[in-house]
Amino acid sequence: MTVHPLADPLADLDAQRAQFDWDAHDVMRLDGRYRTRHLPLLHETPRLPMRPGELREAEYWPPIRSVVLPVDDAALRADAVFGAFLDDLRAALGSRVWWPGLALRADRVHTTLAPELDPAATLPDTPLPAVRLIVRGPWVGRHNTGRVYLPVEAADSASVRRLDEVRALVGAERRPMLAGYLQLTGDLHGEPYAALRRLVRHYQTRVRVPLSPAELWLMDTMDDLVLRSRVVQRVPFAV
């Protein structure tokens, strides 16, 4: 029986063979997309508000519009198991992870429900039925290699159905949800590579952080880390 990708993103990603093949390598090389669309963004220089004609490296215009579910970063870090993962990762990799990004992106951590919509797309103004989510442990893909994602799943069948209904409204395909959370600053080999492999395997199924987002966002962004972005519509979930 096929599992809905919203109900079990890890199973769906495994079925696609989308996860980085740790056993086939002894080095993790940042891929071409990551080098051009992520690596130049890993700095703490203040970003100007979104506007055309003021692009920096790895930014684009016009912005891309997507439907996203905000992920409560404070709730993630308050979880004991997730906190242990971050502590272990910092001890193992140190500056090989872009730690300033945690603060810079704390208010815009999200999982994308429907990407790359028509620039004029909108959502209904009325509140939506509440959904419940579970954030899972670290995952690294075969593409955009260098970014550490957190798979996000709907906690129950009602939440799967409600999120599917939103996707149908905007004409988006079924796909697993991922929240980009951490970025590597360079290739990994030797002990750092082995350490990240161990930590991904140890924490991937152990992390289970329950969340109930208060809103659904329609977001415009001009870079892949949403460092220059704006929420153009907020639709509340019913309490």
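Residues numbered from 1 in each chain as written. Predicted model: local features only at pLDDT ≥ 70, side-chain atom pairs only at ≥ 80, totals over all residues. Heavy atoms only, no water.

1. A short note on the pattern of salt bridges
Scanning all chains against the criterion turns up 18 salt bridges. The partner of Asp23 in a salt bridge is Arg201, with the nearest N and O atoms 2.6 Å apart. A residue pair is termed long-range when its members are at least 10 positions apart, and Asp23 in the loop between helix H1 (9-15) and strand S1 (27-28) and Arg201 in helix H7 (residues 190-203) qualify at 178 residues. (Salt bridge = Lys/Arg side-chain N within 4 Å of Asp/Glu carboxyl O. Helix = DSSP H or I, 4+ residues; strand = E, 2+ residues; numbered from the N terminus.)

2. A word on the environment of His4
The residue His4 is located in the segment before H1 in this model. Sequence separation between His4 and Arg174 is 170 residues; the distance between their C-alpha atoms is 8.3 Å. Among the polar contacts made by the side chain of His4, one reaches the side chain of Arg174 at a distance of 3.2 Å. (Polar contact = N/O pair within 3.5 Å; in protein donor to acceptor, adjacent residues only side chain to side chain.)

3. Thoughts on the pairing of strand S9 (residues 215-223)
Of all nine residues in S9, eight are buried, a share of seventy percent or more. In this sheet, strand S10 (residues 229-236) lies alongside S9 in antiparallel orientation, the contact comprising seven bridges. Bridging across to S10, Trp217 finds its partner in Arg234. The turn joining S9 and S10, which pair antiparallel and follow one another in sequence, is formed by five residues; a positive phi near 50° is taken by Val226. (Buried < 20%, exposed > 50% of the residue type's maximum accessible area, 1.4 Å probe, protein only. Pairing = 2+ DSSP bridges.)

4. Re the nonpolar core
By size, the foremost hydrophobic cluster in this structure holds 61 residues, and its most contacted members are Leu182 and Leu216. By size, the runner-up hydrophobic cluster in this structure holds five residues, among which are Leu10, Leu13, Trp139 and Tyr149. (Core = buried A, V, L, I, M, F, W, Y, C linked by side-chain atoms within 4.5 Å.)

5. Description of unusual backbone geometry
A cis amide bond links Trp61 to the next residue, Pro62, at an omega of 5°. Along the polypeptide, Pro62 turns up in strand S2 (residues 59-70). The backbone phi angle of Arg17 is positive, close to 55°, even though this residue is not glycine. Within the fold, Arg17 resides in the loop between H1 and S1.

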